[in-house]
Amino acid sequence: GAAVEIDIAGMQPDEMRMVEWRGKPVWVVRRTPEQVAELSKIDGELADPDSLRDPAQFTPPYAQNQWRSIKPEYLVVVGICTHLGCSPTAKFESGAQPSLPNNWPGGFLCPCHGSTFDMAGRVFKNKPAPDNMEVPPHMYLSDTKILVG
Ligand code: FES
């Protein structure tokens, strides 16, 4: 399938933009500095913190780092749950939701069977989803444009 561009000019922290690539939703999320810092603190709560499972499918080599991304503040991820393919909901705020873990630092919640993912799309332990969300092949064309595919 054809590669698609995502314009990230002017994105604010906590903002998400979406494009469709090969019939899949691809999200770009600009993480806050606090969310970036949190990524190094929650390894123990994650099923595959270093994205070692099936990296060829889920995590390109340039995203095999604690951010799962090329630039720490920008996450690029396929917005599909690795359990049965529902689309998770972005939950950037902590607290309010009883279905979320304590001290939820933000991330993604799958409405179908309750899998939760962190702000790098890494699945929490003991959830139905077996794997981290997929980071699609992508590159920066400039500071404000990402090419997916
Ligand atoms: Fe997401 Fe089942 S499809 S938890």
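Refer to the structure above for everything that follows.
Source: prediction; values computed, not measured.

S.K.: Let's hear about the overall build of the protein chain: which residues, and what values?
M.R.: For the protein chain, the count of helices and strands is 2 helices and 9 strands. Seen in sequence order, the protein chain has helices and strands lined up from the N terminus as β-β-β-α-α-β-β-β-β-β-β. Seen through its C-alpha atoms, the protein chain measures out along the principal axes to roughly 40 × 30 × 25 Å. Burial statistics for the protein chain: of 149 residues in total, 44% are counted as buried. The contacts of the protein chain with a sequence gap of at least 6 include a subset with a gap of at least 24, amounting to 56%. Accessible area for the protein chain stands at about 7100 Å²; split by element, carbon and sulfur atoms hold 51% of it. Considering the protein chain, the positive charge centre built from 14 side chains and the negative charge centre built from 18 side chains are found 1 Å apart.

S.K.: How would you explain the sheet that holds strand β6 (residues 107-109) if you had to name every residue and give the values?
M.R.: Hydrogen bonds along the backbone pair up the strands of a sheet, which may run parallel or antiparallel. Spatially, the 3 strands line up as an open sheet ordered β5-β6-β7, and their pairing is antiparallel. Edge positions in the sheet fall to β5 (89-91) and β7 (116-117), since each of these pairs with one other strand and no more. Inspection of the sheet shows β5 paired to β6 by 3 bridges, in the antiparallel sense. Across the sheet, the residue bridging to A90 is F108, located in β6.

S.K.: Account for the pattern of salt bridges, naming residues and giving values.
M.R.: Under the definition given, this model contains 5 salt bridges. For E134, the salt bridge goes to K24, with nearest N and O atoms at 3.3 Å. On the criterion of sequence distance, the pair formed by E134 in the loop between β7 and β8 (138-142) and K24 in strand β3 (residues 24-30) is long-range, its members being 110 residues apart. Using a relative accessible area of 16% as the deciding quantity, one classes E134 as buried. Look at K24 and you get partly exposed, because its relative accessible area is 26%. Residues participating in the shared-partner salt-bridge network are D43, D118 and R122.

S.K.: An account of the state of the cysteines is requested, with residue identities and associated values reported.
M.R.: What the rule picks out here adds up to 1 disulfide. Note that C86 is cross-linked by a disulfide to C112, the S-S spacing being 1.8 Å. Across the S-S bond linking C86 and C112, the dihedral sits near -90°, which makes this disulfide left-handed. With a gap of 26 residues between them, C86 in the loop between β4 (74-78) and β5 and C112 in the loop between β6 and β7 connect regions that are remote in the sequence. In this structure C112 comes out as partly exposed when scored by relative accessible area, which is 37%.

The rules behind each value
- Residues numbered from 1 in each chain as written.
- Predicted model: local features only at pLDDT ≥ 70, side-chain atom pairs only at ≥ 80, totals over all residues.
- Heavy atoms only, no water.
- Helix = DSSP H or I, 4+ residues; strand = E, 2+ residues; numbered from the N terminus.
- Buried < 20%, exposed > 50% of the residue type's maximum accessible area, 1.4 Å probe, protein only.
- Contact = heavy atoms within 4.5 Å.
- Areas by Shrake-Rupley, 256 points an atom, 1.4 Å probe, with all protein chains shown as cover.
- Lys, Arg positive; Asp, Glu negative; His and termini not counted.
- Charge placed at Lys NZ, Arg CZ, Asp CG, Glu CD.
- Pairing = 2+ DSSP bridges.
- Salt bridge = Lys/Arg side-chain N within 4 Å of Asp/Glu carboxyl O.
- Disulfide = S-S within 2.5 Å.

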